[in-house]
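Spelled out from the first residue to the last, the chains are:
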Amino acid sequence: MQNNASAGSFTAVHDHHGEAHVAHNPALLHHFAAPQQQRDAASLGMWVFLATEVMFFGGLFCSYLIYRRWYFSDFAAASKTINMYLGATNTGVLICSSLTVVLAVWAAQTARRALLVGMLVITMLLGLVFLGIKGVEYREKFEEHHVPGASFSFDHVEIPGHPGQFANPRHAQIFFTLYFVMTGLHALHMIIGLGIFTWLLIMAWKGRFTPEWHTPVEIGGLYWHFVDIVWIYLFPLLYLIDRH
Amino acid sequence: MSMATAIPQPTSPPAAERENYLNKEYGVWSWLLTTDHKRIALLYLLSITFFFFIGGFFALLIRLELLTPAGDLVQADTYNKLFTMHGMVMVFFFLIPSIPAVLGNFLVPLMVGAKDLAFPRINLLSWYLYIIGGVMMLHCMFTGGVDTGWTFYAPFSTSFTNTNIVEAGLAIFVAGFSSILTGLNFVVTIHRMRAPGMTWSRLPLFIWAHYATSIIQLLGTPVIAVTIVLVAAERALHLGIFDPKLGGDPVLFQHLFWFYSHPAVYIMILPSMGVVTEIIACFSRKRIFGYHFVALSSIAIAVFGFLVWAHHMFVAGISVYSALVFSFLSYAVALPSAIKVFNWTATLYKGSIHYDAPMLYAFGFLGLFTIGGLTGLFLAALGIDVHVTDTYFVVAHFHYIMVGGAVMGYLGGMHFWWPKISGRLYPEGWARLAALIVFLGFNLTFFPQFLLGYMGMPRRYYDYSHMPEFQILNVLSTAGATILGVGYLLPMVYFLWSMRYGKPASDNPWNAAGLEWKTASPPPTFNFDQEPVVTWEAYNYEELDAPHNEEVPVAK
Amino acid sequence: MLNNFPLWPQQASTLAHRVDALYIFLLIVTGMMALLIFVLLVYFAARYRHRPGVRAEQIEGSTALEITWSAIPFFIFMAIFVWGAVVYFKERTPPADSTEVYVVAKQWMWKVEHAEGQREINELHVPVGRDVKLIMTSQDVIHSFYIPAFRIKQDVLPGRYTVEWFRATKSGVYHLFCAEYCGTQHSGMVGSIIVQEPAEYEAWINGGSTGPLSANGEKIFAELGCATCHRSDTQGRGPNLEGVFGKPVQLEDGRTVTADENYLRECILDPGAKRVKGFQPIMPTFQGLVSEEQVNALVAYIKSISPVRPADSAKTNARLLRPRDQTSEPARERTNGSQVQ
């Protein structure tokens, strides 16, 4: 077309749908020019998505920090009633699971299929342990009537360090609301993570991952690390107020 | 230049008969399961047009009610639902997706020289999320709607209203996810899938604008998502985050809400600015004046846009010192927009200007956005804002920007790229008429509202029988609204008409710069026959109009 | 419809003139900027209209021009900002000796109570030339007290007090609007500000009332048994309230706060929150046992037993408004906030 002739040149770099097709990895999606581009896109995509997750949790963290500053003693009293040891155990569990994720990625990079499958399984088991412990904690709260709503009660709970002074139940309810929303959303992300890892496990079992292409493992791993990091912030903020 | 070209066309079969993304496959499923960004753009086009007319219908009812001071057309609760649903539908289901999801989806891969967006299946998912959110919102409307205002302030929304906030909130939540995924796709595509030779400085400013928009979509939308979660939780379980009776803080709601909703308005205007930049360059036949300044001003708007949210809260009970800071920052964010207006104007200087319909829309945008933006200066002034906030002054201000700005840009873009999208030419005469009608109707609708606002007419008032002196301006406004409605209906009619009866378009009927014009109209499914390699700067109109190319004479 | 076709609101307060001056300045400045742009647009569109054989001249840009048209608007913006800030500061700083009026907003009416005891619904009588400070709270949702003729507006929040003030300059009747959407009858929540000449106002305020607000408060103070603990000597189980208003108070947890309206209100409704140092936490809460109006009356009474009206209203309003605890818990200022050990 005359309009375009003078305005630049075309070079046949990659002939799509062409007969003389450059052989490529079957995992290379058609709209990408090269596997590296696809990998980079996937990786950037996951990082960008995690940025949105940071903002999502960020709104909650912000609200939490504001109320904690305003109602510090009541929050301290409420925080004391959640089980710090279970929380710490969960923190350890997640940190270990991040280690197994790192090992899984390494296994994929070095074509160690058995190790990859094993690490994925252990990661998921650790995730289940985490959720199990969370379930135990939630049940404890339910039994103590600390779940916000109609049956919430928080009478005559002493403020740590101030004998004779009792926490304001309404403020304590705010603590528990934020506790359940924050840990609940976190747990939801864990469950989604388990779903992702189930899929990774199936693919790994079938031997689909190679050193040249194991992008899903890498970006799945990124997601898992993120969920882990959110917990590492949640734990001290929620569990460790005013502990000596 | 016009459609009647004097340049002999190539001898290959007309584009409409060649295989392109429209005729590659037929059948409903080939559309509903497509991963082609161009088809997804059209899916979005249908959906957002649908919601535009729903929102517009509500607007019409509002203006009809306001013809008379008494509340005599509908009941108070109905009216309150009308302005709420008008706002929610227009903001979340029309304005925020509009340009990015239609023009952005269609053009971003083409403009950067890629075959598709980075994640085509996520693109399709984003449309389905939009539809799911839309269906939920429609259901909410049919089962009574919501009456909190689109801003759903607590504690009214959490503890007092009887309408279905949770459903509306969830609908917005889901639609918000759609917005996030679109932004994610654009950012990754622009970073990773530019064709060889397409450096950042060679990107069309439309891309820069969409990049900035995507940043806002990604970082802002999650905050309203979590706000909605908290509102829903509070409402369903009587918790106490925002309700003071339960220990909460209603002003915290406003902070969380506006932290997203202010940047959201930049999501609505930045893409439009990108469109206008492309149009002005093409129809002046020259490179945009100050390319780098325009590019960076888009980024500046995105960044500063996150720092000004509490200018919606100057009388909400924030401290004087907070108010001072936010007022100052609001002037800072006005500066990049002003810079753009100057650069666009300077582009016209020593240009060779053609008055085709897209350019008329661009001129309309320039006029109306200038007025809207300048009235923002009034609102940022603390002393004035106390008087005019929550009045029709604000309503006029944001409609000047969102309708006079964003929608004009959207329509201009639809006209400009219609040949590329459909392979057909729209009827130019009708298009120019529609542009004129929209411009006149718009000003008649919204200019009187500035006067109403300064006089003190509050917004969201169903009945103003205590202030009958406000009637005449309201009548003028309603008259304008009907004219505006006609202006919006016309393009729908003639675009549809053109799909069957319009003249087939050549690859580049405007002789415009940009990679999208280097492929067929409509493009083949994978956009380019060969991967482009870019060796020229953006807006290379000098080359395009070079003497041996014989600039197309204007057929007037 | 055409009889009454105003294009400008009346100016009936000292602030109105200031706001209008800034507004006119803005109209002129933005008008000039708009005119400049429009003239250029029209001129360029016509002058550089496409002509066959004439080509566009490619111009990259001009950094000098960019800087110029960034700097000049910036300085103009800063001028507007400063002027706006000055007006705002004045608007949010009630003068020290303002007459106080309590306002309680509820869906969908305004309940007004003068210090002298006069009560009004959807109306507010004030005299010309006197500084009037409104101390406002809401019983339910957020409302906003808007008087266009005075150019003032302030959101009225549940759970705390917010304040606005004005000095009327012209007698007459002016619109009062609710300006924050509050439900079904939001547009019905309108009323009148009736500005009277001083003599007329005196007649009105003295004509038949239930007695001053503070006297009412004194009665409630006795009825609810407050005097049992809050005696006028140092023997009471609660702090002596004489002279307490406006003074700094040392709290049990080490902080010092100023006893303003919001603090007094909080003490009545959530006594444990800011317990005074040296006293046991035995005061019961009166939340649910007193109405907003009764709280206002009590606050007025406690203010009346302080020797001097403190000049800290300005400080109160300028301070960061803080969270509220419950129903009527108002904002209070915290001089520090941290209880971190």
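Residues numbered from 1 in each chain as written. Chains lettered and ligands numbered in written order. Predicted model: local features only at pLDDT ≥ 70, side-chain atom pairs only at ≥ 80, totals over all residues.

Each helix and strand in chain C was counted, giving eight helices and twelve strands. In chain C, the share of contacts with a sequence separation of at least 24, taken over all contacts with a separation of at least 6, comes to 70%. (Helix = DSSP H or I, 4+ residues; strand = E, 2+ residues; numbered from the N terminus. Contact = placed C-beta atoms within 7 Å.)

When you go through chain B residue by residue, the secondary structure sums to 17 helices and zero strands. Taking 556 residues into account, the globule formula puts the C-alpha radius of gyration at 24 Å, and chain B, at 23 Å, falls close to it. Expressed as lengths along the three principal axes of its C-alpha atoms, the size of chain B is roughly 75 × 45 × 45 Å. Every one of the 556 residues in chain B was classed for burial, and the buried ones make up 69%. Expressed as a percentage of contacts within chain B between residues at least 6 apart in sequence, the contacts between residues at least 24 apart total 85%. (Rg over C-alpha atoms; globule rule 2.2 N^0.38 Å. Buried ≥ 20, exposed ≤ 12 C-beta atoms within 10 Å, placed from the backbone.)

Residues and elements named next belong to chain C. Per the domain assignment, the segments of chain C are domain 1 (99-206) and domain 2 (213-318). Each partner contributes to the interface: domain 1 provides 13 residues, whereas domain 2 provides twelve residues. Counting only elements with at least two residues in the side of domain 1 that touches domain 2, the list comes to β1 (99-106), β2 (109-114) and β5 (131-138). Counting residues per element, the side of domain 1 that touches domain 2 draws most heavily on β5, which supplies three residues. Of the residues belonging to the side of domain 1 that touches domain 2, the class tally is six nonpolar, four polar and three charged. (Domains from an automatic or database assignment. Nonpolar A, V, L, I, M, F, W, Y, C, P; charged D, E, K, R; others polar.)

Right, let's get into the pairing of β1 of chain C. All names here are of chain C. Among the eight residues in β1, six count as buried, and that is most of the element. Here β1 pairs with β5 via seven bridges, running parallel. Residue pairing for β5: Ala 105 is matched across the bridge by Ser 138. Here six bridges tie β1 to β2, and the two strands are oriented antiparallel to one another. Pairing of Lys 106 across the sheet is with Met 109, part of β2. Counting the residues between successive antiparallel strands, the hairpin from β1 to β2 contains two residues. (Pairing = 2+ DSSP bridges.)

What follows deals with the interface of chain B and chain A. A common way to express how large an interface is: the accessible area buried when the components associate. With 53 residues of chain B in contact, the opposing surface of chain A contributes 40 residues. Every element with two or more residues in the side of chain B that touches chain A is listed here: α7 (165-192), α8 (205-237), α9 (250-284) and α17 (541-544) of chain B. If you tally residues by element for the side of chain B that touches chain A, the top one is α8 of chain B, at eleven residues. Looking at side-chain class alone, the side of chain B that touches chain A contains 34 nonpolar, twelve polar and seven charged residues.

Attention now moves to the confidence of the model for chain B. Note that predicted coordinates carrying low pLDDT should not be read in detail. Taken over all residues, the pLDDT of chain B has a mean of 93, while the share at 70 or more is 95%. Note that pLDDT drops below 50 for residues 1-11 of chain B; the model gives that stretch 20 contacts with residues more than four away or on any other chain. (pLDDT = per-residue confidence, 0-100.)

All names here are of chain B. One way to put it is that helix α11 (residues 320-348) packs onto helix α12 (residues 357-380) with a least axis distance of 10 Å and a crossing angle of 160°. If you check the angle between α11 and α12, you find them roughly antiparallel. Note that α11 runs across α12; the crossing there is left-handed. When α11 is examined against α12, the residues Ser 327, Ser 330, Tyr 331, Ala 334, Ser 337, Val 341 and Trp 344 are found in contact with a partner set consisting of Leu 366, Thr 370, Gly 373, Gly 376, Leu 377 and Ala 380. Of the residues assigned to the contact of α11 with α12, the class counts are seven nonpolar, six polar and no charged. (Axes fitted to C-alpha atoms, helices over the stretch in contact; angles between N-to-C directions. Parallel < 35°, antiparallel > 145°, perpendicular 65-115°, else oblique. Left-handed = near helix turned anticlockwise from the far one by under 90°.)

What follows deals with the sheet that holds β5 of chain C. Residues and elements named next belong to chain C. Read across the open sheet, the five strands follow the order β3-β2-β1-β5-β8; overall the sheet is mixed. The sheet is open, and its two edges are formed by β3 (119-121) and β8 (162-167), each paired on a single side. Each strand of the sheet is rotated relative to its neighbour by a mean of 25°, with strand direction disregarded.

As a further point, take unusual backbone geometry. Put simply, Ala 154 of chain B and Pro 155 of chain B share a cis peptide bond, and its omega is -5°. With respect to the helices and strands, the residue Pro 155 of chain B is situated in the loop between α5 (120-142) and α6 (156-160). Between Ser 521 of chain B and Pro 522 of chain B the backbone carries a cis peptide bond, its omega angle lying at -5°. Summarising the element assignment, Pro 522 of chain B is placed in the loop between α16 (471-501) and α17. In this structure, Phe 152 of chain B is a non-glycine residue whose phi angle is positive, near 25°. By secondary structure assignment, the location of Phe 152 of chain B is in the loop between α5 and α6. According to the C-beta neighbour criterion, Phe 152 of chain B is buried, with 25 such atoms within 10 Å. Of note, Arg 151 of chain C is a non-glycine position whose phi angle comes to about 65°, a positive value. In this fold, Arg 151 of chain C is placed in the loop between β6 (143-147) and β7 (152-156).

Looking now at the nonpolar core. With 328 residues, the main nonpolar core has Val 112 and Ala 381 of chain B together with Val 103 of chain C as its most contacted residues. When residues in this core are grouped by element, the largest group, 21 residues, is from α9 of chain B. Leu 213, Leu 241, Leu 269 and Val 299 of chain C belong to the second-largest nonpolar core, a separate cluster that totals 17 residues. (Core = buried A, V, L, I, M, F, W, Y, C linked by C-beta atoms within 7 Å.)

Right, let's talk about helix α1 (residues 14-47) of chain C for a bit. Under the 1.5 Å per step criterion, the end-to-end length of α1 of chain C is 49 Å for 34 residues, consistent within 8% with the ideal 50 Å. Every buried residue of α1 of chain C is listed here: Leu 15, Ala 16, Val 19, Leu 22, Tyr 23, Leu 26, Thr 30 and Ile 37 of chain C. Those residues of α1 of chain C that are buried are in contact with α11, α12 and α13 (382-388) of chain B together with α2 (63-91), β7 and β8 of chain C. (Expected span 1.5 Å × (residues − 1).)

Taken together, the contacts link 87 residues of chain C with 82 residues of chain B. Elements that contribute at least two residues to the side of chain C that touches chain B include exactly α1, α2, β6, β7 and β9 (172-178) of chain C. At 15 residues, α2 of chain C tops the list of elements feeding residues into the side of chain C that touches chain B. The class makeup of the residues in the side of chain C that touches chain B is 50 nonpolar, 20 polar and 17 charged.

Further remarks concern the confidence of the model for chain C. All names here are of chain C. For chain C, the mean per-residue pLDDT works out to 85, and 88% of the residues sit at or above 70. This stretch, residues 310-341, has a pLDDT under 50; its non-local contacts, to residues over four places away or in other chains, come to 98 contacts. Scored as a complex, the prediction yields pTM 0.89 and ipTM 0.90.

Contact geometry of α11 of chain B with α1 of chain C gives a least axis separation of 9 Å together with a crossing angle of 25°. Between α11 of chain B and α1 of chain C, the interaxial angle falls into the category roughly parallel. Seen along the crossing, α11 of chain B lies across α1 of chain C with a hand that is left-handed. Contact with α11 of chain B, carried on its side by Val 341, Thr 345 and Leu 348 of chain B, involves Ile 37, Leu 40, Leu 41, Phe 44 and Ala 45 of chain C of α1 of chain C and no other residues of that element.

Our focus in this paragraph is the sheet that holds β6 of chain C. Residue and element names in this part refer to chain C. Strand order in this open sheet of five strands is β4-β10-β9-β6-β7, and the pairing throughout is mixed. Whereas interior strands pair on both sides, the edge strands pair on one side only; in this sheet they are β4 (123-127) and β7. Neighbouring strand axes in the sheet, compared pairwise and without regard to direction, differ in orientation by 20° on average. Here five bridges tie β6 to β7, and the two strands are oriented antiparallel to one another. What sits directly across from Phe 145, in β7, is Gln 154.

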